[in-house]
Amino acid sequence: MLCPKCSHNDSKVVDSRPADSKIRRRRECLRCSERFTTFEIIEDIPVMVAKKDGTIEPFDNRKLIERICRATTKRPVKLKTIENIVDGIQTHFKNNLQREVTSDKIGELVMMKLKEIDHVAYVRFASVYREFADIESFVGFISELRSEDL
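Just so it is clear, the model here is predicted, and its values are computed rather than measured.

Draft legend 1. Inspection of the sheet that holds strand S4 (residues 48-50) at higher detail. Strand order in this open sheet of three strands is S5-S4-S6, and the pairing throughout is mixed. Each of the sheet's edge strands pairs with one partner strand only, and the pair in question is strand S5 (56-58) and strand S6 (100-102). Strand-to-strand twist across the sheet, computed as the mean angle between neighbouring axes with direction ignored, equals 35°. Here S4 runs beside S5; their pairing, made up of three bridges, is antiparallel.

Draft legend 2. Helix H2 (residues 79-95), seen in detail. Given a rise of 1.5 Å per residue, 17 residues ought to cover 24 Å, and the 24 Å separating the end C-alpha atoms of H2 matches this to within 8%. Listed in full, the buried residues belonging to H2 are Ile82, Ile85, Val86, Ile89, Gln90 and Phe93. When H2 is viewed along its axis, its buried side chains cluster within an angular range of 120° and face the same direction. Facing away from the buried side of H2 by over 90 degrees, the exposed positions are Lys80 and Asn95. One or two residues past the end of H2 sits Leu97, with phi positive at roughly 55°.

Draft legend 3. Quick look at the pairing of strand S1 (residues 11-19). Examined bridge by bridge, S1 and strand S2 (residues 22-29) share eight bridges and lie antiparallel to one another. Residue pairing across strands places Ser16 opposite Arg25, the latter belonging to S2. The hairpin turn running from S1 into S2, its antiparallel successor, is two residues long, and Asp20 in that turn takes a positive phi close to 55°.

Calculation rules
- Residues numbered from 1 in each chain as written.
- Predicted model: local features only at pLDDT ≥ 70, side-chain atom pairs only at ≥ 80, totals over all residues.
- Heavy atoms only, no water.
- Pairing = 2+ DSSP bridges.
- Helix = DSSP H or I, 4+ residues; strand = E, 2+ residues; numbered from the N terminus.
- Axes fitted to C-alpha atoms, helices over the stretch in contact; angles between N-to-C directions.
- Expected span 1.5 Å × (residues − 1).
- Buried < 20%, exposed > 50% of the residue type's maximum accessible area, 1.4 Å probe, protein only.
- Arc of directions from axis to C-beta.

Fair warning: the whole summary comes from geometry, so function is off the table for now.
Below is the structure:
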């Protein structure tokens with residue numbers, strides 16, 4: 001932050017307060033001791049999802065929660081756990097500054113989380129996500145899961 005008086009680029013924050021949807025900060029220049037005010041706003045750029053059909057749409061928490069709920073129907077998985085999975089996935093992309101992700105990447109992360117929580121929900125989600133073409137590929141997937149558990 002440049003001082004408006006001497007253009008020095010180092011200052012310390014003397015006071016911070018929320019102001020509307022911004023943060024108001026009083027600063028003091030470390031060279032000339034001039035005090036000035038700055039306002040910070042939180043920039044929330046949505047994560048965009050590149051679908052298999054080539055379309056791009058904003059990441060939708062509700063949509064992903066719904067898909068995971070389908071896989072966890074009649075399973076001992078709480079809604080709060082599902083919400084935490086979805087929030088964690090979205091936070092992962094934002095923290096890594098990924099503004100556009102593929103639906104495949106989201107699916108892989110969901111599968112990884114479901115595998116830790118409930119194997120039946122994991123297999124259900126995988127059966128839709130991986131689009132198994134025949135019984136052999138489905139059986140192979142389950143055999144792979146079984147061998148990992150041993």
